[in-house]
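These are the residues of each chain, in order.
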Amino acid sequence: MVTSPFGKPVIGNRDANPAHWAPGSWVEPASGTQTKGESVVIREGSTTGLHRAGLWRSGIGVPGCEPDGSCRIDYSAPDGDETLVVLDGEARVTVTGTGETHVLRPGSIVSHPKGLGLTWEITSAAFRKFWVIWDSPDAAAADDHLYVRHVDDDDPASWEPYEWDDADGRHWRCGENLVMRSTGSTGSLKCGLWRSGPDTGDGTELAAVTPEAGSVCEGSRCAGHTISASRGIGDESMLLLNGRAHIVNHDSGEEFDVEPGDIIAQYMGPNITWTSKSRYMKKFFIMTNATVPA
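Residues numbered from 1 in each chain as written. Predicted model: local features only at pLDDT ≥ 70, side-chain atom pairs only at ≥ 80, totals over all residues. Heavy atoms only, no water.

As annotated in an unreviewed UniProt entry, the protein carries the name Cupin superfamily protein and comes from Subtercola frigoramans.

This is how it looks when you write it as structure tokens:
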């Protein structure tokens, strides 16, 4: 696992087995200090607010778990909105106030608003997730909805062309977004899936990589296009699901090659470009900013 100082990309891998796993402890408002599972932090710093990311696991011999590795957890995300991707194992999660239940499996995505009471019942002998916790000093609209999707969700109506303006005033249109959640309990939070390429692998055509005025996209619907990161929008944490890319931080001179399973953190501000090295790319993303939307 490779980590970098604040302001530079942070690269980790979901398949890494870091030596510094620590008991997963937090303070639950209704019941005090809890210790369940083990956690490792991959990303600590952010430009605005509290944006942290890492891995959490449960299993046989792990603190707070049963002898067979199963685990029951009452959790209200007291430290901020938590968005996660299940990497291994299965669990059932229930919203305490409504009884709404979801069965989670590898690839499930959950975005959990701050303060919403949940009960987790992890039924497999081992479970692992990639998590991002987000909080800022500015409250946003109250949210008591649990957001659940899957990395393989492919409803054509849910995908739309992705467009943005970078900090230099250039307009970009590249690939497609499936937005899972566009609000946060505090500040701004946007999370979902992004993909680019000629098709999804099953013949479904994707939106073109289209150069707009002033952009530096190279090519359309093909490997090798280069895009500039969203420098002025917010901090971003990502899990690369498919494809390969070369990332350059032009401010620091750092370069990274990323592949499926890599966790990438980008900070708002640095001049960063991605160059696709495969015909198809797909990632889970979460982007945050302490400023509450107007």
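*Asks:* I keep staring at unusual backbone geometry and nothing clicks. Help me out?
*Replies:* With the exception of glycine, the majority of residues adopt a negative phi angle, and the majority of peptide bonds are in the trans configuration. Here the phi dihedral of Ala77 falls at roughly 50 degrees; this positive angle occurs in a residue that is not glycine. If you trace the backbone, Ala77 turns up in the loop between β5 (71-75) and β6 (81-88). Take Ala77: its relative accessible area is 0%, and that puts it in the buried class. (Helix = DSSP H or I, 4+ residues; strand = E, 2+ residues; numbered from the N terminus. Buried < 20%, exposed > 50% of the residue type's maximum accessible area, 1.4 Å probe, protein only.)

*Asks:* I tried to follow the pairing of strand β7 (residues 91-95) on my own but got confused; where do I start?
*Replies:* Taken residue by residue, a regular strand's side chains alternate between the two faces of the sheet. The buried fraction of β7 amounts to four of the five residues, a majority that puts the element mostly inside the structure. Sheet analysis places β7 next to strand β8 (residues 101-104), joined by four bridges and oriented antiparallel. Within β8, the position partnered with Thr94 by the bridge is Thr101. Where β7 folds back on β8, the antiparallel hairpin that results is connected by five residues, among which Gly99 adopts a positive phi of roughly 80 degrees. Where β7 and strand β10 (residues 118-122) come together, five bridges link them in antiparallel fashion. By the bridge assignment, Ala91 is partnered in β10 with Ile122. (Pairing = 2+ DSSP bridges.)

*Asks:* Can you help me understand the state of the cysteines in this one?
*Replies:* Counted by the stated rule, this structure contains zero disulfides. With no disulfide of its own, Cys71 lies closest to Cys65 among cysteine sulfurs, the gap being 3.7 Å. (Disulfide = S-S within 2.5 Å.)

*Asks:* Please explain the environment of Arg279 as it appears in this structure.
*Replies:* Mapped onto the elements of the fold, Arg279 is located in the loop between β21 (272-276) and β22 (281-289). Since its relative accessible area comes to 54%, Arg279 is described here as exposed. Spatially, the C-alpha atoms of Arg279 and Gly197 are 5.2 Å apart, while their sequence positions differ by 82 residues.

*Asks:* Just to check I follow, could you spell out the packing of aromatic side chains for this structure?
*Replies:* Within a pair of aromatic rings, the relevant descriptors are the distance that separates the centres and the angle that separates the planes. Counted under the stated rule, the structure contains four aromatic pairs. Here Trp56 and Phe127 contribute two aromatic rings whose centre-to-centre distance is 6.2 Å and whose plane-to-plane angle is 65 degrees, an arrangement assigned as edge-to-face. Remark: Phe127 occurs in strand β11 (residues 126-135) and Trp56 occurs in strand β4 (residues 50-59); sequence separation between them is 71 residues. Pair check on accessibility: Trp56 and Phe127 agree, each one buried. Taken together, the ring pairs in this structure connect Trp56, Trp120 and Phe127 into an aromatic cluster. Sitting over the face of the ring of Trp56, Lys129 holds its NZ or CZ atom 5.2 Å from the ring centroid. Across the ring face of Trp120, the terminal group of Lys129 is positioned such that the distance to the ring centre comes to 5.3 Å. (Phe/Tyr/Trp six-rings, centres within 6.5 Å; stacked < 30°, edge-to-face > 60°. Lys NZ or Arg CZ within 6 Å of the ring centre and 35° of its normal.)

*Asks:* When you look at the sheet that holds β4 in this model, what are you seeing that I'm missing?
*Replies:* The strands making up a sheet associate through backbone hydrogen bonding, with each pair oriented either parallel or antiparallel. The seven strands are arranged β2-β3-β4-β11-β6-β9-β12 in an open sheet whose pairing can be described as antiparallel. In this open sheet, the two strands that pair with only one neighbour each are β2 (22-28) and β12 (147-150). Recorded for the sheet is a direction-independent mean angle of 35 degrees between the axes of neighbouring strands. Relative to β11, β6 runs antiparallel, the two sharing seven bridges. Its bridge partner being in β11, Thr83 is matched across the sheet by Val132. (Axes fitted to C-alpha atoms, helices over the stretch in contact; angles between N-to-C directions.)

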